[in-house]
Amino acid sequence: MDSSLHRYRMQLETTSWFRGLPEALRDALIAHAGLLTLEKGQALYRRGDPADGLYAVLGGAVAIGTVGVDGKEALLAVLGPTAWLGEISLFDGLPRPNDVTAVSKTLLLHVPEAALRGLLDATPGYWRDVAMLMAQRLRISFENAEAATLLSAAQRVARRLLTIAEGYGGLNASQTRIRVSQESLASMVSLSRQTTNQLLRQLEDQRILSLKSGEIAILDFDRLRAASVGDAAM
């Protein structure tokens, strides 16, 4: 085992899922892990690839989505430190359900599939711990699907920004600065880039956020939360 991995443990424990694992499981995941670096635009895996274990983002960020036969991209999320991903194929044994690509130079921790299955076979109770990660992701997916149907365009933009800033319900660390392009945000909320830009400018005019190239800084979480539910008094 690479002893340098121990220095990432404190960072990983800032995320609720990893912090809540039994100490023995945390020890084992670190003990079996290795490090992987991706350059911007490089794929971690593609839809249809065989499962090869769990990953945790330590630096940079990855985009999760799928490209259709017409070349149109459906972007589901952009995850940064210290998000874990790859658990779905561990459960069903099927190929990867989506594409994961680095949006910047990205450092990841990788726990190989064989090591994971060895841990889970030895201690079956650990399956529930890994299932909690999938449950968190499923809950967020349901909330995003509901928002796409029930919320106005302005509410959807505010809700998605809030979701990202608050760490996707604990999937990764919370952040006040969101490194995501307006084009990527537009894809996530199923709006045109022009409409998304107009809505972001409105939030900036109200001093709820600040826009920079490739970055959105949240200035007022309370008012962003109000905007996500259409509170006119925000």
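Since the model is a prediction, treat every value here as computed from it, not as a measurement.

> Just to check I follow, could you spell out unusual backbone geometry for this structure?
Note on backbone geometry: most residues besides glycine have negative phi, and most peptide bonds are trans. The step from P81 to T82 runs through a cis peptide bond, and the omega angle for that step is 0°. Turning to its location among the elements, T82 is positioned in the loop between β5 (73-79) and β6 (84-85). Here the phi dihedral of S190 falls at roughly 60°; this positive angle occurs in a residue that is not glycine. Inspection of the secondary structure assignment puts S190 in the loop between α9 (182-188) and α10 (193-205). If you check the backbone angles, R207 has positive phi at about 60° while not being a glycine. When you line up the elements, R207 lands in the loop between α10 and β10 (209-212).

> Explanation requested: the UniProt feature "domain: HTH crp-type" (unreviewed entry) in the protein in the structure shown.
This chain's UniProt record puts "domain: HTH crp-type" (unreviewed entry) on residues 151-222. Between the end C-alpha atoms of residues 151-222 there is a gap of 18 Å, over a span that is 54% helix and 14% strand.

> Which parts of the structure should I look at to understand the domain arrangement of the protein?
It is common to give the size of an interface as the accessible area lost on bringing the parts into contact. If you check the domain split of the protein, you get domain 1 (5-143) and domain 2 (151-229). The C-alpha centroid of domain 2 is placed 24 Å from the C-alpha centroid of domain 1. Each partner contributes residues to the interface: domain 1 has 21 residues there, and domain 2 has 14 residues. Both faces combined, the contact of domain 1 with domain 2 buries some 1,200 Å², and carbon together with sulfur accounts for 58% of it. Inspection of the region where domain 1 meets domain 2 yields zero salt bridges. Taken together, the links from domain 1 to domain 2 amount to three residue pairs in polar contact (both at pLDDT 80 or more). When residues of the side of domain 1 that touches domain 2 are traced back to their parent elements, those giving at least two are α2 (16-19), β5 and α6 (126-150). For the side of domain 1 that touches domain 2, the element with the most residues is β5, which contributes seven residues. A per-class count over the side of domain 1 that touches domain 2 returns twelve nonpolar, six polar and three charged.

About the criteria used
Residues numbered from 1 in each chain as written. Predicted model: local features only at pLDDT ≥ 70, side-chain atom pairs only at ≥ 80, totals over all residues. Heavy atoms only, no water. Helix = DSSP H or I, 4+ residues; strand = E, 2+ residues; numbered from the N terminus. UniProt positions renumbered as here; feature names shortened; annotations may be inferred. Domains from an automatic or database assignment. Contact = heavy atoms within 4.5 Å. Buried area = accessible area lost by both parts, 1.4 Å probe. Salt bridge = Lys/Arg side-chain N within 4 Å of Asp/Glu carboxyl O. Polar contact = N/O pair within 3.5 Å; in protein donor to acceptor, adjacent residues only side chain to side chain. Nonpolar A, V, L, I, M, F, W, Y, C, P; charged D, E, K, R; others polar.

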